[in-house]
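Reading the structure
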Number of protein chains: 2
Amino acid sequence: MTMTEDFTPLDMNDVDTIACVGIGTIGGGWAAYFLARGYRVKAWDPSPDAEPKLRRLIDAAWPALTKLGLAPNASKDNITVHTDLAEAVDGVGFVQESAPEVLELKQNLLAQIDAVTAPDVVIASSTSGYGMTEMATEAANPSRLVVGHPFNPPYLIPLVEVVGGEQTSAAAVKWASAWYELIGKSVITMDREVPGFIANRLQEALWREALHMVDNGEATVEQIDLAITDGPGLRWPIQGPMLTFHLAGGEGGMAHMLDHFGPSLLSPWTRLDAPELTPELRNAVIAGCDEEAAGRSVVELVAERDEAIIAIRNAIAKVKGGA
Amino acid sequence: MTMTEDFTPLDMNDVDTIACVGIGTIGGGWAAYFLARGYRVKAWDPSPDAEPKLRRLIDAAWPALTKLGLAPNASKDNITVHTDLAEAVDGVGFVQESAPEVLELKQNLLAQIDAVTAPDVVIASSTSGYGMTEMATEAANPSRLVVGHPFNPPYLIPLVEVVGGEQTSAAAVKWASAWYELIGKSVITMDREVPGFIANRLQEALWREALHMVDNGEATVEQIDLAITDGPGLRWPIQGPMLTFHLAGGEGGMAHMLDHFGPSLLSPWTRLDAPELTPELRNAVIAGCDEEAAGRSVVELVAERDEAIIAIRNAIAKVKGGA
């Protein structure tokens, strides 16, 4: 990816107001999150019922945000809804675009936002599918346009995937990643555009396998959900798929796992073919797990996982018992 | 699958002792769980260091099991380790086999267990990969042999997948499912043998996509794990992949989701091709979600999800803070 360097962003500590362009489920969720972090929000949406829907969404999210901890100056009233785009972005230090997933619409809207937003402001798109290279084609200043892909609901799920397009400046990507981290997000900065980014690719592979199973009568919808919620899903909030298998290898960790269970990659356990387990891939996965483990032995990781699973199970039991 | 009816199981309320054949990570985890549920356990393993390893595993698991709640008469001392297989299964009401995943070994061991176990006892295999049809070939009484596939660690993850082979009696499958439920497990009873069962197929699709991404330099091991732990992984202990997308459809639920985002199934968001979204598949998925929702609106499910995510995040923060 060629990154231009023709963009100098403002100081993120000076940001006090954020524009949310598009305020459906995702944009409204972002608005709720920004408010909870103590920012003022200016929202724009062409839909006539957008404002009442937004207020309901923020009202519904606020108790959750309060439980997670509000910034000292947070107020759900620090928001204004505008019908004029230029007015909505006037004076803001950051723009989060969350319009519907229609490429032409995104292309035109990002060009319009770019045209009326101060030149030192980063503009991020919540797109879950498009790359910025294809979305930025109509914009005069593509160097400050980045993808900032959240997960639903953006006010509770920490993950944001940040990636630029071919014309995005490295400075804008760097600024966006640091900015999301500043406001409490977990950021993955990707160095290239990959369709579906990372989390959606993983989630989509699982989802497609599930659809195939329903399609073939191999499992019902309920069985698939139970298989995840009462199975591997209980481990994934604490240890991802890689670290999970690091532990499955026993005290030998991922190296043992790959060397002994590697052949099962050839089994027809999913419709997705596995890559060849070359020495390079094997070593990359083992090294990555070692890095993540950061000195913790498998025994220590098991203890941490177990404590988390108990806490998660007890927390869920409490929520379900109270419902 | 042809199921024979030549097996009459004992009354599961009469079970007070269980045999664990093979006591590595999985078999030892089962032993810890059975002890915590108040049963006596008789263990067998050919490895000379199996017993000390087992004691360490049970000692390590016991605090977790105590936090989840022990049966009134539970004791981690209610276990004996045997070198003679016939002695280990003598007087037991259920056998859980958890030997290494080597087909010939499983075939011979299941035949040996079958030969020395009382005829009204169900024998379950923890296999994560083989079908009972191929494992039961050497056994004299295949009608009482079933797969009872747990997840690691079996003493904390509730899921057990139950499925018979071609020669397994329906009575044995039914008994095993009811038995695992009686002792507090979440049971999925499959009506046919599918390689990888359900949860492993889903998990394996995600894992293979992850390996492809590492192989192609699209993501690091750490990014993949963060993408799950801080992203969709936070939703999966409370709502599986199906119900997750039911909520992603907004108030229109899964029907809206499939009708509007169905085309994205054709996007190259994973290396796994999607099935064709026929009207039949569409309707089956929607009907399954409706059944799971059991009258709860999307708004109610969102509230339940949000409360659970907060509880999960707070629980994990506490565990990590205390570590």
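Residues numbered from 1 in each chain as written. Chains lettered and ligands numbered in written order. Predicted model: local features only at pLDDT ≥ 70, side-chain atom pairs only at ≥ 80, totals over all residues. Heavy atoms only, no water.

1. Side note on the overall build of chain A
Scanning chain A from terminus to terminus reveals twelve helices and eight strands. By the compact-globule yardstick of 20 Å for 323 residues, chain A fits well, its C-alpha radius of gyration being 22 Å. In terms of its C-alpha atoms, chain A occupies a principal-axis envelope of roughly 60 × 50 × 45 Å. Carbon and sulfur atoms provide 51% of the accessible area of chain A, an area that totals close to 12,200 Å². Charged side chains in chain A number 23 positive and 44 negative. The centres of these two groups are separated by 8 Å. (Helix = DSSP H or I, 4+ residues; strand = E, 2+ residues; numbered from the N terminus. Rg over C-alpha atoms; globule rule 2.2 N^0.38 Å. Areas by Shrake-Rupley, 256 points an atom, 1.4 Å probe, with all protein chains shown as cover. Lys, Arg positive; Asp, Glu negative; His and termini not counted. Charge placed at Lys NZ, Arg CZ, Asp CG, Glu CD.)

2. Points about the sheet that holds strand E2 (residues 40-44) of chain B
Adjacent strands of a sheet form backbone hydrogen bonds with each other and so pair up, either parallel or antiparallel. All names here are of chain B. An order of E3-E2-E1-E4-E5-E6-E7-E8 is seen for the eight strands of this open sheet, with the pairing classed as mixed. Both edges of this open sheet fall to strand E3 (79-82) and strand E8 (186-189), since each of them pairs with a single strand only. Strand-to-strand twist in this sheet, taken as the mean axis angle between neighbours without regard to direction, amounts to 25 degrees. Pairing analysis gives five bridges linking strand E6 (residues 145-150) to strand E7 (residues 159-164), with the strands arranged antiparallel. Paired with Val 147 across the bridge in E7 is Val 163. Along the sheet, helix H1 (residues 25-36) makes contact with strand E1 (17-21), E2, E3, strand E4 (94-97), E6 and E7, crossing E1 at roughly 170 degrees. In this fold helix H6 (residues 170-182) packs onto E1, E4, strand E5 (122-125), E6, E7 and E8, with an angle of close to 170 degrees to the strand it touches most, E7. (Pairing = 2+ DSSP bridges. Axes fitted to C-alpha atoms, helices over the stretch in contact; angles between N-to-C directions. Contact = heavy atoms within 4.5 Å.)

3. A closer look at the sheet that holds strand E7 (residues 159-164) of chain A
All names here are of chain A. On the basis of which strands lie adjacent, the open sheet formed by eight strands has the order E3-E2-E1-E4-E5-E6-E7-E8 and mixed pairing. Each edge of the sheet is formed by a strand with only one pairing partner; in this case those strands are strand E3 (79-82) and strand E8 (186-189). Between one strand axis and the next, the sheet turns by 25 degrees as a mean value, whatever way the strands run. Looking at chain direction, E7 and E8 are connected through four bridges and run parallel. Residue Glu 161 lies in a different strand from E8, and its bridge partner there is Ile 188. Strands strand E1 (17-21), strand E2 (40-44), E3, strand E4 (94-97), strand E6 (145-150) and E7 of the sheet are contacted by helix H1 (residues 25-36), whose axis makes an angle of about 170 degrees with E1.

4. Digging into the UniProt feature "domain: 3-hydroxyacyl-CoA dehydrogenase NAD binding" (unreviewed entry) in chain A
UniProt tags residues 17-192 of chain A as "domain: 3-hydroxyacyl-CoA dehydrogenase NAD binding" (unreviewed entry). In residues 17-192 of chain A, the share of helix is 38% and the share of strand is 22%. The end C-alpha atoms are 30 Å apart. (UniProt positions renumbered as here; feature names shortened; annotations may be inferred.)

5. What to know about the interface of chain A and chain B
On the side of chain B, 108 residues touch chain A, which itself brings 108 residues to the contact. Buried area between chain A and chain B, both sides added, is near 10,500 Å², and the carbon and sulfur share of it is 68%. Contact with chain B buries area across many residues of chain A, yet Trp 207, Arg 208 and Trp 269 of chain A alone supply 8% of it, more than any other trio. There are two salt bridges connecting chain A and chain B. Salt-bridge contacts for Glu 209 of chain A lead to Arg 201 of chain B; the nearest nitrogen and oxygen are separated by 2.9 Å. Linking chain A to chain B there are 34 residue pairs in polar contact (both at pLDDT 80 or more). (Buried area = accessible area lost by both parts, 1.4 Å probe. Salt bridge = Lys/Arg side-chain N within 4 Å of Asp/Glu carboxyl O. Polar contact = N/O pair within 3.5 Å; in protein donor to acceptor, adjacent residues only side chain to side chain.)

6. Focus: the packing of helix H7 (residues 199-215) of chain B against helix H8 (residues 221-229) of chain B
Residues and elements named next belong to chain B. One can describe the packing of H7 onto H8 by two numbers: an axis separation of 9 Å at closest approach and a directional angle of 145 degrees. Here the hand of the crossing between H7 and H8 comes out right-handed. Here Leu 206, Ala 210, Met 213 and Val 214 of H7 come into contact with H8, specifically with Val 221, Ile 224 and Ile 228. Taken together, the residues of the contact of H7 with H8 sort by class into seven nonpolar, no polar and no charged. (Left-handed = near helix turned anticlockwise from the far one by under 90°. Nonpolar A, V, L, I, M, F, W, Y, C, P; charged D, E, K, R; others polar.)

7. Regarding the packing of helix H7 (residues 199-215) of chain A against helix H11 (residues 279-293) of chain B
Axis angle and axis distance: for two packed helices, these are the angle between their axes and the distance between the axes, and together they describe the pair. H11 of chain B packs onto H7 of chain A with a crossing angle of 105 degrees between their chain directions and a minimal axis gap of 10 Å. Classified by the angle their axes make, H7 of chain A and H11 of chain B are roughly perpendicular. Here H7 of chain A contributes Leu 211, Val 214 and Asp 215 of chain A to the contact with H11 of chain B, which in turn contributes Leu 281, Ala 284 and Val 285 of chain B. Taken together, the residues that form the contact of H7 of chain A with H11 of chain B break down as five nonpolar, no polar and one charged. (Parallel < 35°, antiparallel > 145°, perpendicular 65-115°, else oblique.)

8. Points about the UniProt feature "domain: 3-hydroxyacyl-CoA dehydrogenase C-terminal" (unreviewed entry) in chain A
UniProt tags residues 196-264 of chain A as "domain: 3-hydroxyacyl-CoA dehydrogenase C-terminal" (unreviewed entry). Across residues 196-264 of chain A one finds 62% helix and 0% strand; the C-alpha atoms that close the span lie 27 Å apart.

9. Some points on the relation of the copies chain A and chain B
The transformation that overlays chain A on chain B combines an axial shift of 0.0 Å with a rotation of 180 degrees, and the residual RMSD is 0.0 Å. Both copies are brought into coincidence by an operation consistent with a two-fold rotation axis. (Least-squares fit on C-alpha atoms with pLDDT ≥ 70 in both.)

10. Brief notes about the domain arrangement of chain A
Along its sequence, chain A is carved into domain 1 (12-189) and domain 2 (231-322). Each of domain 1 of chain A and domain 2 of chain A was reduced to a C-alpha centroid, and the two centroids are 34 Å apart. (Domains from an automatic or database assignment.)

11. Observations regarding the nonpolar core
Within the largest apolar cluster, 213 residues are counted, with the highest numbers of intra-cluster contacts made by Tyr 180 and Met 242 of chain A together with Tyr 180 and Met 242 of chain B. What Met 242 of chain A contacts, discounting residues up to four positions off in sequence, is Met 254, Val 285, Cys 289 and Glu 292 of chain A together with Trp 207, Ala 210, Leu 211, Val 214, Val 221, Ile 224 and Asp 225 of chain B. (Core = buried A, V, L, I, M, F, W, Y, C linked by side-chain atoms within 4.5 Å. Buried < 20%, exposed > 50% of the residue type's maximum accessible area, 1.4 Å probe, protein only.)

12. Some thoughts on unusual backbone geometry
All names here are of chain A. The omega angle of the peptide bond from Asn 152 to Pro 153 is -5 degrees, so this bond is cis rather than trans. Looking at the element boundaries, Pro 153 is found in the loop between E6 and E7. Not every positive phi belongs to a glycine, and Ala 294 is a case in point at roughly 50 degrees. By the secondary structure assignment, Ala 294 is in the loop between helix H11 (279-293) and helix H12 (298-322). In this structure Ala 294 comes out as exposed when scored by relative accessible area, which is 61%.

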